[in-house]
Amino acid sequence: MVMCLWAAGVAQAASVTLAWDPSSDPSVTGYNLYRGNLPGSHPSSLNVGNVTQAMVPGLTDGMPYYFVVRAYNSSGLMSSESVEVSRRVGVPFSVRGDFTGDSRADVGVFRPSTGMWYISGLGPIAWGGLGDRPVIGDYNGDGKADIAVFRPSNGSWYITGFGPITWGGEGDIPVPADYNGDGKTDFAVYRPSTGSWYIPGFGPITWGGGGDIPVPADYNGDGKADLAVFRPSTGDWYVAGLGPMTWGGGDDIPVIGDYDGDGRADIAVFRPSNGTWYIIKSATWTGVGQAWGTAGDIPVPGDYDRDGKTDLAVFRPSTGTWYILNSSGTGYTSFVFGGAGDIPIIK
């Protein structure tokens, strides 16, 4: 039997709360939670009884943990393991694109022509201008996304609450992410001409080359972003710590996200030619396809319904319309927010 297990809420220091789907087997009388510090290894166990949510105490701050759950019956027979999920505890955790701290991605656009940001739930904010690129992230570790832009003309980052930071230059691609696992977004750039990554606290690292698209994310669930590139010419993905993988190609757009809620980034692409998303779910390493969108749409994946899973979503510049397919099974939503020339801040 396979069950879905996901983190239910933000991890607190030394503990985390988990929840899972109940077994469909009527003979089940309880569940055991198993954990470890490496993927696929779960030496510690906790009998939580016949419940589908439990807090796991006694964890070490800053350590990554990997969890599975197994059901048992009165005869002591055990089910197979659930999907493995992961979480680093005791460090800030934020949902990408969440500016209000409610653990869901907010809809928003940046208007380069005026330097204005329009974010649902917030008033218009002037920050940046023509030629700037939005680089949102939780740079101060308060659990909320910060408004920020990267200015290629002078290699400077302008982040609300910080002074200007020069890091990178013309031709560099900004790749903000949490590379050291401290719960804060790091400003960083990828230089296509040399395939080099420049991250504060690290020496220059070569990973990729000209024509590659940088796609840093936490692919192994240890709470740190991994260096990764997508090579459209061959459809190959090169993720540090994992073997090369072929998935997509040509005009496909990488759309990284945690679509199965296991705490790991899933390899995924959006194909504009047929409006289809192709996703490899890391929980089971199975590929799925889902039509959502059409040519000209900009993919904007995010957790808009607060269920711990990335939702399929697109922004249609021609009409300023957002189309969001809720992974929680509550259907879809569509509404106008923005217009032609606007850049969706989560993309």
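Throughout, a residue's number is its position along its own chain's written sequence, starting from 1. The predicted origin of the model limits local features to residues at a pLDDT of at least 70 and limits the giving and counting of side-chain atom pairs to 80 or more, whereas totals for whole chains, interfaces and linings rest on all residues. Side-chain numbers come from the whole structure's heavy atoms, not from hydrogens or water.

What exactly am I supposed to notice about the overall build of the protein chain here?
When helices and strands are tallied, the protein chain shows zero helices and 31 strands. For the radius of gyration, the atoms used are the C-alpha atoms, and the globule rule reads 2.2 Å times the number of residues raised to 0.38. Taken over the C-alpha trace, the protein chain has a radius of gyration of 21 Å; the compact-globule value for 347 residues is 20 Å, and the two agree within 12%. Considering only C-alpha atoms, the protein chain reaches an extent of 70 × 45 × 40 Å along its principal axes. Evaluated residue by residue, the protein chain yields a buried proportion of 49% over its 347 residues. Residue-level accessible areas treat just the shown protein chains as cover; the underlying method is Shrake-Rupley with a 1.4 Å probe. Of the roughly 14600 Å² of accessible surface on the protein chain, a fraction of 54% belongs to carbon and sulfur atoms. Averaging the locations of the 21 positively and 34 negatively charged side chains of the protein chain gives two centres separated by 1 Å. In DSSP terms, a helix is any run of H or I states spanning at least four residues, a strand is any run of E spanning at least two, and both are numbered starting from the N terminus. Relative accessible area decides the class of each residue, using a 1.4 Å probe on protein chains only: under 20% of the type maximum gives buried, over 50% gives exposed, and in between gives partly exposed. Under the convention used here, Asp and Glu are negative, Lys and Arg are positive, and both His and the chain ends fall outside the count. Where a charge sits is defined by one atom per residue type, namely NZ (Lys), CZ (Arg), CG (Asp) or CD (Glu).

What is the right way to read the packing of aromatic side chains from this model?
Aromatic ring pairs are defined here through the distance separating the ring centres and the angle between the ring planes. Think of it this way: a Phe, Tyr or Trp ring, Trp meaning its six-membered ring, pairs with another when their centres are within 6.5 Å, and the plane angle makes it stacked under 30 degrees, edge-to-face over 60, tilted otherwise. One pass over the structure, following the stated rule, counts eleven aromatic pairs. Feature note: the residues Phe150, Trp157, Trp167 and Phe187 constitute an aromatic cluster, connected by ring pairs. Taking the ring centre of phenylalanine 93 as reference, the NZ or CZ of arginine 87 above it sits at 4.0 Å. Whether a charge lies above a ring is judged from NZ of Lys or CZ of Arg, which has to be within 6 Å of the ring centre and within 35 degrees of the ring normal.

I keep staring at the sheet that holds strand 25 (residues 276-281) and nothing clicks. Help me out?
Pairing between the strands of a sheet comes from backbone hydrogen bonds, and it takes one of two forms, parallel or antiparallel. A pair of strands is labelled paired if DSSP reports no fewer than 2 bridges between them. Taking strand neighbours across the sheet as the criterion, the four strands line up as 23-24-25-26 in an open arrangement whose pairing is antiparallel. The open sheet has two free edges, formed respectively by strand 23 (253-254) and strand 26 (286-291), since each of these has just one partner strand. In this sheet, strand 24 (residues 267-271) lies alongside strand 23 in antiparallel orientation, the contact comprising two bridges. Looking at strand 24, one finds that proline 254 is bridged to valine 269.

Help me out: how do you make sense of the sheet that holds strand 4 (residues 44-49) in this one?
If you trace the four strands from one edge of the open sheet to the other, you get 4-3-6-7, paired in antiparallel fashion. A strand with exactly one partner marks an edge of an open sheet, and here the two such strands are strand 4 and strand 7 (85-88). With direction set aside, neighbouring strand axes in the sheet form an average angle of 30°. Orientation is described by lines fitted to C-alpha atoms, with helices fitted over the stretch in contact, and by angles between N-to-C directions that extend from 0 to 180 degrees.

I keep staring at unusual backbone geometry and nothing clicks. Help me out?
Across residues other than glycine, the phi torsion is negative in most instances, and most of the peptide bonds are trans. With a phi close to 65°, serine 103 is a non-glycine residue in the positive phi region. Looking at where serine 103 falls in the secondary structure, it is placed in the loop between strand 7 and strand 8 (108-111). Relative accessible area serves as the criterion here: at 23%, serine 103 is assigned to the partly exposed category. Unusually for a residue other than glycine, tryptophan 285 sits at a positive phi of about 55°. Of note, tryptophan 285 is situated in the loop between strand 25 and strand 26.

Mind showing me how you'd approach the nonpolar core here?
What tends to happen in soluble globular proteins is that the nonpolar side chains get buried as a cluster. To form a nonpolar core, buried Ala, Val, Leu, Ile, Met, Phe, Trp, Tyr and Cys residues must be joined to one another through side-chain atoms within 4.5 Å. In terms of nonpolar packing, the biggest core is built from 19 residues, with Phe99, Trp117, Val300, Tyr304, Trp322 and Ile345 touching the most fellow members. The set of elements that each furnish at least two residues to this core consists of strand 8, strand 9 (116-119), strand 28 (312-316) and strand 29 (321-325). Excluding its chain neighbours within four sequence positions, the residues that come into contact with valine 300 are Trp277, Ala313, Val314, Phe315, Trp322, Pro344, Ile346 and Lys347. Counting 16 residues, the second largest nonpolar core, distinct from the first, contains Val16, Tyr31, Val48 and Leu59. Whether two residues are in contact is decided by their heavy atoms: any pair within 4.5 Å suffices.

Looking at this structure, how should I read the pattern of salt bridges?
If charged atoms from side chains of opposite charge come close, those side chains can pair. By definition, a salt bridge exists where a carboxyl oxygen of Asp or Glu is found within 4 Å of a side-chain nitrogen of Lys or Arg. The full count for this structure, using the stated rule, is nine salt bridges. Of the charged contacts in the structure, one is a salt bridge between arginine 151 and aspartate 132, with a shortest N-O distance of 2.8 Å. Pair noted here: arginine 151 is in strand 12 (residues 148-151) and aspartate 132 is in the loop between strand 10 (125-126) and strand 11 (133-134), with a separation of 19 residues, a long-range link. Three or more residues are tied together by salt bridges with common partners; here these are Glu84, Asp262 and Arg264.

Just to check I follow, could you spell out the pairing of strand 30 (residues 332-336) for this structure?
Put simply, side chains in a regular strand alternate between the two faces of the sheet. Bridging between strand 29 and strand 30 involves five bridges; their strand directions are antiparallel. Of the residues in strand 30, the one forming a bridge with leucine 325 is tyrosine 332. The hairpin turn running from strand 29 into strand 30, its antiparallel successor, is six residues long, and glycine 329 in that turn takes a positive phi close to 85°.

Looking at this model, I keep getting lost on the environment of glycine 308. Mind explaining?
Relative to the assigned elements, glycine 308 resides in the loop between strand 27 (298-299) and strand 28. Distance in space between the C-alpha atoms of glycine 308 and aspartate 262 is 8.6 Å, their sequence separation being 46 residues. Sequence-distant contacts of glycine 308, that is, excluding residues within four places in its chain, are made with Asp258, Gly261 and Asp303.

What is the right way to look at the confidence of the model for the protein chain in this model?
Any region with low pLDDT has predicted coordinates that should not be read closely. In this model, the protein chain carries a mean pLDDT of 92, and residues with pLDDT of at least 70 account for 96%. The pLDDT value expresses, per residue, how confident the predictor is, ranging between 0 and 100. Scored below 50 in pLDDT, residues 1-11 shows 54 contacts in the model against residues more than four places distant or in partner chains.

Teacher, can you tell me more about the side chain of histidine 42 here?
Positionally, histidine 42 belongs in the loop between strand 3 (28-36) and strand 4. We classify histidine 42 as buried; its relative accessible area is 14%. Polar contacts, as used here, are pairs of N or O atoms within 3.5 Å; protein pairs need one atom able to donate a hydrogen and one able to accept it. Residues neighboring in sequence count only if both atoms are side-chain atoms. Polar side-chain contacts of histidine 42 include one of 2.6 Å to the side chain of glutamate 84. In contact with histidine 42, not counting residues within four places along its chain, are Tyr34, Arg35, Gly36, Tyr66, Phe67, Val68, Glu81 and Glu84.

Just checking my understanding: could you explain the environment of threonine 52 for this structure?
Looking at the element boundaries, threonine 52 is found in the loop between strand 4 and strand 5 (53-56). Taking C-alpha positions, threonine 52 is 5.4 Å from tryptophan 20, a pair spaced 32 residues apart along the chain. Beyond its immediate chain neighbours, meaning those up to four positions away, threonine 52 contacts Leu18, Ala19, Trp20, Pro22 and Tyr31.

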